[in-house]
Every structure is written in C-alpha cells, then in structure tokens.
There are 2 protein chains.
Amino acid sequence: MRKVAVIGIGLTKVAERWDKSLRELCGDAILMALQDAQQTTADAFFIGNMMSSSANNQQNIGAYITDWVGSRGAESIRVESACSSGSASFRAAVLAVASGEVNVAVAAAVEKMTDSPGPETTAYLATAADADWEVDQGVSFVALNALLMQRYLAEYSWKHESFANFSINAHQNAIHNPNAMFHMQITQEKFNRAPVICDPLKLLDASPIGDGAAAAVIVPFESEKISTDHKTVIIAGSAAASDTIAVHSRKDALWLSAAEKSAKSAYSQAGISAADIDLFEYHDAFTIMASLSLEACGFAERGHAPKLAVDNKISINGEIPVATMGGLKARGHPVGATGLFQLVEIVQQLRHEAGKNQVPGAKYGMAQNIGGSGSNIITHILTNSG
Amino acid sequence: MRKVAVIGIGLTKVAERWDKSLRELCGDAILMALQDAQQTTADAFFIGNMMSSSANNQQNIGAYITDWVGSRGAESIRVESACSSGSASFRAAVLAVASGEVNVAVAAAVEKMTDSPGPETTAYLATAADADWEVDQGVSFVALNALLMQRYLAEYSWKHESFANFSINAHQNAIHNPNAMFHMQITQEKFNRAPVICDPLKLLDASPIGDGAAAAVIVPFESEKISTDHKTVIIAGSAAASDTIAVHSRKDALWLSAAEKSAKSAYSQAGISAADIDLFEYHDAFTIMASLSLEACGFAERGHAPKLAVDNKISINGEIPVATMGGLKARGHPVGATGLFQLVEIVQQLRHEAGKNQVPGAKYGMAQNIGGSGSNIITHILTNSG
C-alpha cells in the first residue's frame with residue numbers, strides 16, 4: 001500500500017442551512033478543498049451521506065455532486081454506514097489512492113437534515129438501528145443511548161452530573177470555531193437542570209442535528225501534485241470494524257468492541273499507542289458514547305472515563321484534548337458528514353491552523369466515527385510527522 | 001496495484017421473494033459465495049444496495065448483513081450509485097484488495113423491492129434522477145427512457161419493432177437459467193402487441209423489478225487462499241465514470257459518455273478491444289439502454305445497434321452474445337443488485353458453468369452497469385486467461 005496524504009480541506013458552517021441546497025452545500029466544501037489543494041478537479045469522488053434518499057429524495061449523489069463541482073466524467077460513488085458515513089468516504093478514498101488506481105481523490109460528506117420535520121428525521125435516524133429487532137419494538141436512537149447510560153450508571157456507580165464536563169468542554173471549544181453550530185458556554189448547573197429527554201439522558205447530553213458538508217483532497221505522499229507550500233498531513237492509520245447492529249445481541253453492551261478493534265489496528269499501523277495521541281476527535285453524539293469511546297480506545301480504564309471529564313483532563317491543554325473544535329455536541333452533528341468534519345478538524349490542528357483552539361505541538365490526531373450504536377466504527381490516525 | 005481474482009460466487013433466484021427478509025436474501029448469496037471459495041469469513045464486506053432505506057426502513061446494511069453471515073467484527077460498508085450499486089460494491093472490493101489493505105473481500109449486493117406498493121417503488125426509483133431538475137417536473141424513470149427512445153427513433157429512422165430481438169433473445173436465454181425471473185419465450189408479435197407503457201416504450205421493452213442478491217469473493221491473484229481446485233477468474237479491467245444526472249444537461253442525450261469512458265479505460269487495462277470480448281452483460285433495463293450501451297462500447301456504430309438485434313448477432317452463438325443468462329429483461333432487475341448478478345454470470349461463463357447457455361470458448365467477458373439514465377456507469381472485464 002502506498003503512503004497517502006491530505007493536501008486540501010474544506011468545510012461549511014453547521015446550522016439550519018435553508019440558504020443552500022444539498023448539492024450547493026456539498027459543492028461549497030469540495031470547491032474549498034480543491035482550491036486549498038491547488039487542484040481544479042479529481043479522478044474520483046467518494047461521497048459520504050446517510051439520509052439524502054429520505055430527507056432530500058435524492059440518491060446517486062456521487063454523480064449529482066461530481067457534475068455540480070465541474071468534474072463531470074470523474075468516478076463517483078456514495079458510501080454509507082449510517083452515522084459513520086463521513087469517515088467511510090474518507091477511508092474509501094484512502095484505499096482507492098493506496099491501490100494505485102486513483103491519483104487524486106476527493107472524500108466529501110454532506111447531510112441536509114433540517115428540510116424534514118422532526119418526527120420524520122427521528123424515523124430516518126432509526127434506520128441505522130435494526131429495523132426488525134429494535135425499531136419495530138418502538139426504540140429510537142435516543143432511547144438506545146439512554147438504555148446504555150442507565151446501565152453504565154448502575155454498573156459503575158457514577159452520577160449523571162459527572163458527565164457534565166464532556167458537554168461543557170465541547171461548548172467551550174466551539175466558541176472560537178466560526179463553523180460551529182453553538183457559540184454559548186454552558187455550566188454544570190445548566191447541565192444538571194436541562195430537561196430529561198429520555199431518562200437518564202438530559203438535553204445537554206445530546207448533540208444537535210444540523211446541515212453541513214466537509215471535504216478533503218487525498219493524493220499519494222510521493223505525488224507531483226504536492227507543491228512546496230502544501231501543508232501535507234499523512235494518513236498514519238486507517239481501520240474499520242463492525243459489531244452487531246442490535247445492541248441487545250452484544251455480549252457486553254458497555255464495551256464498543258468495534259472501537260477497540262479499529263483503534264488497535266490504527267495504532268499498530270501508525271506504530272504508536274494511545275499515549276502518543278495529542279488530540280482525539282471522538283464521537284460525542286451523547287455523553288455516554290464519549291465515555292464508551294474513550295474506554296475502548298485505551299484512554300481510560302473500563303468504567304473510569306467520566307473521571308477524565310471530572311478532572312478536566314480533556315481540555316485543549318489537558319492530557320487528552322477531545323472535541324477540540326466543539327465536537328458533535330457543539331460544532332453540531334450533520335449525521336453522515338460528521339466523520340469528515342472530525343478529520344478536517346484534525347488536519348487544521350496538525351497544520352497548526354486551529355487558532356485559539358490550537359493544541360500546542362500537536363503531532364498525532366485521532367478521529368473515531370461511530371455508526372449506529374457502535375455497529376460500524378472507523379478510526380483514523382493522522383500525523384504531520386512524515 | 002496487485003492483480004485481483006474472484007474465487008467464489010453466489011446468487012439467489014430473482015422473484016418476488018416474500019419468503020426471505022433483506023438480510024436472509026443477501027446472507028444466502030454471501031454464504032454460497034464463501035462456501036464456493038472455501039472460506040468461512042472475509043476481512044471486509046462491501047454491500048451494494050439502492051433503496052433499503054426507503055423500501056425496507058434499513059440503512060447501515062454493511063454491519064447488518066456482516067453480523068448475519070457470522071462475520072461480526074469485519075469491516076463493512078454500503079456503496080450506492082443507484083442502479084449501478086451492484087458493480088460499485090464489486091469495484092470497491094477490487095480496490096480494497098488491490099491496495100494491499102484487505103486480503104479477502106466479499107462484494108455483495110441486494111435489493112428487496114416488492115415489499116412496497118408499486119407507486120412508492122416508482123418514487124424510490126426516481127431518486128436516481130435529479131430531484132430538483134427532473135423528478136420535481138413529474139418525470140419518472142420510464143418516462144426518461146421513453147424520451148430517449150423517441151429521440152432515437154426520430155434521429156436514426158428505426159421503427160420500434162426493430163428492437164424486439166433484444167427482448168426475445170433475453171427471454172430465450174433465461175429459459176435455461178434456474179435463477180431467472182421469467183421462463184417464457186416471447187415473439188416478435190407479442191413484442192409488437194404489448195401495451196404501451198410510455199410512448200414509444202411498450203411493456204416488453206422494459207425489464208421487471210424483483211428481489212434478489214448476488215455475491216463474489218475477491219482475493220489477490222497470488223493468494224495462499226486459492227486452492228488448486230479453485231476456478232479462478234481474473235479482473236482484467238475495472239473502471240467507473242460519471243455524466244450529468246439530469247439527461248437534459250447532456251451535450252448529446254443519445255451518447256452514453258460515461259459508458260464510452262469506462263469501457264475505453266477497461267479495454268486499455270485489459271490490453272484488448274471490443275472485438276476481443278466474447279460476451280457482454282449489458283444493462284438492458286430498457287431496449288433503448290441496450291442500444292446506447294452497445295454503441296458507446298464500440299460494438300455498433302452510432303445509430304446502428306438495432307441492426308445487431310435484427311440480424312440476431314446477439315445470441316449465445318452470435319458475434320457478440322449479450323444477456324446470456326437472461327439479462328435485466330428476463331433474469332430480472334433487482335435494481336441495486338443487478339450489477340453483481342451480471343458479474344457473477346460472467347464468472348459462470350468463464351468457469352464454463354453456464355450449462356445450456358455456455359458461450360463456447362469464452363475467454364473475456366464484459367459487464368456494464370448503468371446508474372440513473374447513464375449518470376454513473378461502471379465497466380468490468382473479467383478473464384479466465386491469466
């Protein structure tokens with residue numbers, strides 16, 4: 001496998017984007033990334049998206065978007081693995097370039113969720129769970145996460161309020177990110193007093209849905225496409241793993257085995273361990289997912305992740321900075337695009353372009369994108385150290 | 001790029017499959033392919049599917065199916081490019097194995113369309129066209145093909161009845177294919193007298209939708225996984241190209257530029273030309289698509305494809321055998337799975353396992369899978385001659 005690098009990135013603001021259509025939104029991110037990479041087109045486009053077939057009545061968005069950005073003729077497909085579709089598109093682009101078949105690839109991801117009313121969106125999100133064995137019983141995605149948190153609190157004797165700093169930290173980091181959905185601080189008191197959305201989950205445990213798109217240009221590390229002023233970031237590890245789609249079928253509901261498997265594989269490819277990671281863009285769709293991800297990836301012992309939050313070891317200058325640009329919680333969670341936002345934000349950090357949110361001396365950044373309730377997890381490690 | 005081969009295939013009967021769920025249907029094809037390849041699992045699963053999110057309320061079918069076939073933990077994603085999703089999953093598997101990152105890949109594709117009522121299915125199919133610029137104006141997929149045929153008849157002075165043999169030949173070939181949807185012969189008279197579905201298209205120009213799944217196991221050509229009794233088929237060419245999603249935006253509506261581009265690229269990779277192809281599994285969703293595909297790939301001059309049908313050069317023993325196991329027209333068209341059926345049928349031919357439909361001495365088989373009305377086209381050339 002030849003070594004592969006990111007030479008351009010683009011992303012839009014996450015919000016209710018009534019001002020842009022699906023193709024405009026994704027096109028904006030792609031054109032920004034191509035310009036950043038000093039390219040006008042690419043050989044192949046890999047588009048991550050979860051719900052355009054339902055929310056926008058549009059499939060085949062590979063061709064749909066490739067034409068829109070002026071690259072008619074190029075190869076173009078959509079990849080989907082529910083909430084991890086964004087990083088699935090990145091991995092598809094990495095493999096295509098690594099194979100030698102594709103020389104310039106664009107990985108892009110888009111989600112435009114707010115065109116549909118809330119109850120419909122809840123139903124579309126539920127298609128990431130098991131239609132026969134979970135959704136038909138009436139369970140939603142929020143409910144699945146609530147059940148996991150319920151069990152976690154009982155098993156490890158944590159109180160709900162101990163999870164507050166996962167959300168407080170994310171909101172703090174989002175303040176200086178112009179592309180983030182929220183720019184307001186929250187406090188422990190606000191977290192505690194937030195309305196219950198599904199016991200024990202409260203509103204401020206949950207990330208907000210939103211519209212947005214992100215993109216990256218991927219080339220071989222030894223490419224003549226890389227000009228001297230490119231700030232190149234290398235893909236040091238890329239791995240994907242799966243688990244049962246229905247949570248009740250897992251041997252251990254509180255252990256994300258696909259997170260552990262893909263993280264271990266990415267560490268091994270990069271030749272490093274969890275201790276070497278300078279920042280971790282984790283999948284904080286809910287505070288409970290943030291905790292389970294930290295534990296499965298080796299940043300905390302089993303049942304101990306909330307201690308990282310309580311001790312505030314997760315801030316920009318902490319032991320393991322997370323959600324450095326706001327995370328899913330405060331940058332916003334345009335579901336099928338989230339994974340590519342995480343990766344683009346890591347590139348910003350590794351290029352030292354993260355402004356007031358810069359993690360000092362960042363060398364290795366890890367992104368972990370979780371599809372379903374842990375059924376499809378993709379982990380990447382990027383580095384600026386060739 | 002390392003050389004890649006198919007060492008196992010599986011497929012289900014195409015029909016209204018009320019007896020099987022989505023996962024059972026796809027699982028059956030995968031388990032058959034793994035058994036054929038003498039494997040129990042794979043490192044990665046690439047699942048092609050167009051409409052499970054709408055027709056089956058299920059996304060994330062990578063993880064959903066990977067667990068079902070007993071391969072929990074393996075990498076698994078879905079790839080989608082509308083009606084060419086089946087061969088997109090095959091190409092994704094080929095690139096993953098070629099990259100060196102994946103050693104045993106399963107490409108599978110499934111569509112279960114008949115769970116939904118007809119009008120809903122028509123709407124789901126229309127998501128392959130441009131939602132803003134085509135579908136919102138009321139045009140359906142059948143209508144787009146009717147417009148193309150109308151134009152073709154006017155431009156090249158053919159009569160509708162000259163297209164009959166595309167359908168007659170497909171039905172003839174399906175008779176000896178136990179997995180085909182239809183097993184009845186049709187005649188020129190039946191073709192002429194079929195009801196008009198959208199002028200000038202008649203019922204027997206159109207392929208039927210159906211439920212079905214197909215799968216293939218892909219490994220490096222130099223793999224220790226290949227035992228001596230494996231009948232190995234090599235991927236000699238694999239290419240994908242796109243065009244505008246809206247037909248009216250094309251410079252030339254009657255020329256499938258993405259078919260030409262991907263076919264030329266596949267010929268060049270294989271080091272052969274159209275004249276060397278022993279059989280062609282084309283995308284005969286409608287007789288007009290069959291014609292446009294034959295012309296764009298170099299089997300007929302522009303405007304002359306119906307002559308191949310009229311002169312019956314397309315039969316098993318003809319100059320260029322097409323739809324050798326019944327094609328979309330008579331084997332059936334489970335939309336997102338069709339491309340993988342084409343590829344599996346070519347492997348059957350190249351392994352000389354096509355029974356009464358065997359193309360004598362077949363050495364090179366080509367499959368072309370068309371997404372949308374030509375917006376996303378994927379072409380593969382397979383060979384038994386290493």
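This text follows the structure it describes.
We now turn to the structure provided with this report. (Residues numbered from 1 in each chain as written. Chains lettered and ligands numbered in written order. Predicted model: local features only at pLDDT ≥ 70, side-chain atom pairs only at ≥ 80, totals over all residues. Heavy atoms only, no water.)

1. Notes on the packing of aromatic side chains
The relation between two aromatic rings is expressed through the spacing of the ring centres and the mutual angle of the planes. Residue and element names in this part refer to chain A. Filter applied, for reference: Here is the rule: rings of Phe, Tyr and Trp (six-membered ring for Trp) pair when centre to centre is within 6.5 Å. Planes less than 30 degrees apart are stacked, more than 60 are edge-to-face, and the remainder are tilted. Put simply, DSSP marks the helices as runs of H or I at least four residues long and the strands as runs of E at least two long, and each gets a number from the N terminus on. Throughout, exposure labels follow a simple rule: accessible area from a 1.4 Å probe, protein chains only, divided by the maximum for the residue type, with under 20% read as buried, over 50% as exposed, and the rest as partly exposed. Counted as over-ring charges are cases with an Arg CZ or a Lys NZ within 6 Å of the ring centre that also lie within 35 degrees of the ring normal.
For the coordinates displayed, the defined rule picks out 14 aromatic pairs over all chains. Aromatic side chains Y152 and Y156 sit 4.7 Å apart centroid to centroid with 75° between the ring planes, which places their arrangement in the edge-to-face category. Of this pair, Y152 and Y156 both sit in helix α6 (residues 141–156), 4 residues apart, which is roughly one turn of the helix. The exposure class of Y152 is buried, given its relative accessible area of 0%. Clustering of aromatic rings is evident, with ring pairs tying together Y152, Y156, F163, F166, F280, Y282 and F299. Above the ring of W18, the side-chain terminus of K112 is found at 6.0 Å from the ring centroid.

2. Some remarks on helix α9 (residues 257–270) of chain A
Residue and element names in this part refer to chain A. How we decide: Every helix has an expected span of 1.5 Å times one less than the residues it contains. Our arc is simply the arc of the directions from the helix axis toward the C-beta atoms.
The end-to-end C-alpha separation of α9 is 20 Å, in line with the 20 Å expected for 14 residues at 1.5 Å each. Of the positions making up α9, those classed as buried are A258, A259, S262, A263, A266, Y267 and A270. On an axial view of α9, the arc spanned by its buried residues comes to 155°, and they lie on one face. In α9, those exposed residues whose orientation departs by more than 90 degrees from the buried face are K264 and S268. Phi turns positive one or two residues past the end of α9, at G271, with a value near 70°.

3. Describing the packing of helix α4 (residues 85–98) of chain B against helix α13 (residues 338–350) of chain B
All names here are of chain B. As a reminder of what qualifies: Helix axes are fitted only over the stretch in contact, all axes being lines through C-alpha atoms; the angle between N-to-C directions runs from 0 to 180 degrees. Contacts between residues were defined by any pair of non-hydrogen atoms, one from each residue, lying within 4.5 Å. In this count, Pro and Cys sit with the nonpolar residues alongside Ala, Val, Leu, Ile, Met, Phe, Trp and Tyr, while Asp, Glu, Lys and Arg are called charged and the others, Gly among them, polar.
Following both chains from N to C, one finds α4 and α13 inclined at 65°, their axes separated by 4 Å at the closest point. On the side of α4, the interface is formed by G86, S87, S89 and F90, while α13 contributes G339, L340 and L343. Split by residue class, the contact of α4 with α13 holds 3 nonpolar, 4 polar and no charged.

4. A few points about the relation of the copies chain B and chain A
Note the following rule: Least squares is the method used to superpose the copies, on C-alpha atoms of residues holding a pLDDT of at least 70 in both.
At an RMSD of 0.0 Å, chain B and chain A line up after a rotation of 180° and a shift of 0.0 Å along the axis. One copy is carried onto the other by what is essentially a two-fold rotation axis. Taking C-alpha positions as the reference, the residue of chain B nearest the rotation axis is S99 of chain B, at 1.8 Å. Here 100% of the interface residues in chain B have copies in chain A that are interface residues too; the copies meet face to matching face.

5. Comments concerning unusual backbone geometry
Residues and elements named next belong to chain A. Residue P200 is reached from D199 by a cis peptide bond, and omega for that bond is 5°. Mapped onto the secondary structure, P200 falls in the loop between β5 (196–198) and β6 (201–202). One non-glycine residue, N57, lies in positive phi territory at about 50°. Tracing the backbone through its elements, the reader meets N57 in the loop between α2 (52–55) and α3 (61–68). The backbone phi angle of N60 is positive, close to 55°, even though this residue is not glycine. Residue classification places N60 among the buried residues on the basis of a relative accessible area of 0%.

6. Remarks on the nonpolar core
Formally: For this analysis, a nonpolar core means a set of buried residues of the types Ala, Val, Leu, Ile, Met, Phe, Trp, Tyr and Cys, connected via side-chain atoms within 4.5 Å.
Residues F90 and I218 of chain A together with F90 and I218 of chain B are the most contacted members of the largest nonpolar core, which totals 86 residues. Residues within four places of F90 of chain A in sequence aside, it is in contact with V6, A107, A216, I218, I235, L340, L343 and H380 of chain A.

7. Some points on the packing of helix α6 (residues 141–156) of chain B against helix α10 (residues 287–296) of chain B
Residue and element names in this part refer to chain B. Applied cut-off: Working rule for angles: under 35 degrees goes down as roughly parallel, over 145 as roughly antiparallel, 65 to 115 as roughly perpendicular, anything else as oblique. In this scheme the handedness of a crossing depends on how the near helix is turned from the far one: anticlockwise by less than a right angle means left-handed, clockwise means right-handed.
Viewed as axis vectors pointing N to C, α6 and α10 meet at an angle of 60°, and their least axial separation amounts to 9 Å. In terms of axis orientation, α6 runs oblique to α10. Note on packing geometry: the crossing formed by α6 with α10 is left-handed. Only T287, I288, M289, S291, L292 and E295 of α10 make contact with α6, whose side of the interface consists of N145, L148, M149 and Y152. Considering only residue class, the contact of α6 with α10 consists of 6 nonpolar, 3 polar and 1 charged.

8. Observations concerning the pattern of salt bridges
Note the threshold: Salt bridge, as applied in this entry: a Lys or Arg side-chain nitrogen positioned within 4 Å of an Asp or Glu carboxyl oxygen.
One pass over the structure, following the stated rule, counts 38 salt bridges over all chains. Between R78 of chain B and E80 of chain A there is a salt bridge, and its shortest N-O distance comes to 2.8 Å. In this pair, R78 of chain B sits in strand β3 (residues 75–80) while E80 of chain A sits in strand β3 (residues 75–80), so the two residues belong to two different chains. The same class applies to R78 of chain B as to E80 of chain A, namely buried. In this structure, the salt-bridge partner of E319 of chain A is K313 of chain A, at a minimum N-O distance of 3.6 Å. You can call E319 of chain A exposed: its relative accessible area is 56%. It is possible to trace a salt-bridge network through shared partners that takes in D36, K231, R351 and E353 of chain A.

9. Thoughts on the side chain of N165 of chain A
Residues and elements named next belong to chain A. Basically, it comes down to this: Contacts described as polar in this section are N or O atom pairs within 3.5 Å, which, within protein, must combine one atom able to donate a hydrogen with one able to accept it, while residues neighboring in sequence count only if both atoms come from side chains.
With respect to the secondary-structure elements, N165 resides in helix α7 (residues 164–174). Looking at N165, its side chain comes within polar contact range of the main-chain oxygen of A309, at 2.9 Å. Beyond its immediate sequence surroundings of up to four residues, N165 is in contact with A309, N312 and I314.

Treat this as a map of the structure, not an account of what it does.
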